[in-house]
Amino acid sequence: MNHNQQSNEAKHNDETALTDFLASLTDYTPTIPDELVEHYLAKSGFQCPDVRLIRLVAVAAQKFVSEVATEALQQCKARPAPVVRDKKEKQQKDKRLIMNMDDLSKALQEYGVNVKHQEYFADSSSAGMESAQRDE
């Protein structure tokens, strides 16, 4: 078998796999509804009557959201645990994780999405210091 025949056979196998995958999308119900995907595709100027392509976009979006959520969870786990001051709280050993906007921002940054959120007054380390000093 020469190189051309191998190349054509590989191309045929890829086309068959793609055709089978697209056919399977007609029976698949993605997590992201078709109507939502259609709305955002139309908003960006893309019109497509083929439900398979809309579901392909939904699957890609679902994969992206899943990967970002997994990465944000890893960012959350990597953060140092808050210092517990109350002895009763130490005994409970609450292992719940709380993701915050910084975790999500770092995860999205790895995918080239820069998220900047407004810094709140209470986010700064000196928040409320002036009023506390006036009370003394």
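Residues numbered from 1 in each chain as written. Predicted model: local features only at pLDDT ≥ 70, side-chain atom pairs only at ≥ 80, totals over all residues. Heavy atoms only, no water.

Undergrad: Before we move on, could you go through the overall build of the protein and cite the residues and values that matter?
TA: From N to C terminus, the protein includes six helices and zero strands. Starting at the N terminus, the α and β elements of the protein follow one another as α-α-α-α-α-α. Among the 136 residues that make up the protein, the fraction classed as buried is 13%. The long-range fraction of contacts in the protein, counting pairs at least 24 apart against all pairs at least 6 apart in sequence, stands at 59%. Only carbon and sulfur atoms are counted for the fraction: they give 53% of the accessible area of the protein, which is about 11,600 Å². (Helix = DSSP H or I, 4+ residues; strand = E, 2+ residues; numbered from the N terminus. Buried < 20%, exposed > 50% of the residue type's maximum accessible area, 1.4 Å probe, protein only. Contact = heavy atoms within 4.5 Å. Areas by Shrake-Rupley, 256 points an atom, 1.4 Å probe, with all protein chains shown as cover.)

Undergrad: Lay out the packing of aromatic side chains with the relevant residues and their values.
TA: Counted under the stated rule, the structure contains one aromatic pair. Considering the side-chain rings of F64 and Y111, the 5.6 Å spacing of their centres and the 80 degrees angle between planes classify their relative orientation as edge-to-face. Highlighted residues: F64 in helix α3 (residues 51-78) and Y111 in the loop between α5 (101-109) and α6 (129-135), separated in sequence by 47 residues. (Phe/Tyr/Trp six-rings, centres within 6.5 Å; stacked < 30°, edge-to-face > 60°.)

Undergrad: Lay out the environment of L25 with the relevant residues and their values.
TA: Turning to its location among the elements, L25 is positioned in helix α1 (residues 3-25). Setting aside residues no more than four positions away along its own chain, L25 makes contact with R52, R55, L56 and V59.

Undergrad: A description of the packing of helix α2 (residues 34-43) against α3 should follow, citing residues and the corresponding values.
TA: At a minimum axis separation of 9 Å, α2 and α3 run at an interaxial angle of 90 degrees. The angle between α2 and α3 falls in the class roughly perpendicular. Together, D34, V37, E38 and L41 of α2 and V51, I54, R55, V57 and A58 of α3 make up the contact between the two elements. Residue composition of the contact of α2 with α3, grouped by class: six nonpolar, no polar and three charged. (Axes fitted to C-alpha atoms, helices over the stretch in contact; angles between N-to-C directions. Parallel < 35°, antiparallel > 145°, perpendicular 65-115°, else oblique. Nonpolar A, V, L, I, M, F, W, Y, C, P; charged D, E, K, R; others polar.)

Undergrad: Pulling in residues and values, what's your account of the pattern of salt bridges?
TA: Following the criterion strictly, the structure yields four salt bridges and no others. Here D50 ties to R52 by a salt bridge, and the two come within 3.0 Å at their closest N and O atoms. Look at D50 and you get partly exposed, because its relative accessible area is 28%. (Salt bridge = Lys/Arg side-chain N within 4 Å of Asp/Glu carboxyl O.)

Undergrad: Tell me what's going on with the packing of α3 against α5, and back it up with residues and numbers.
TA: Helix packing geometry: the angle between the two helix axes and the distance between the axes. Axis separation between α3 and α5 bottoms out at 8 Å; the angle between their running directions is 125 degrees. On the basis of their axis angle, the class for α3 and α5 is oblique. Crossing of α3 over α5 shows right-handed handedness. Contacts between α3 and α5 pair F64, V68, E71, A72, Q75 and C76 from the former with D103, L104, K106, A107 and L108 from the latter. Here the residues of the contact of α3 with α5 sort into seven nonpolar, one polar and three charged. (Left-handed = near helix turned anticlockwise from the far one by under 90°.)

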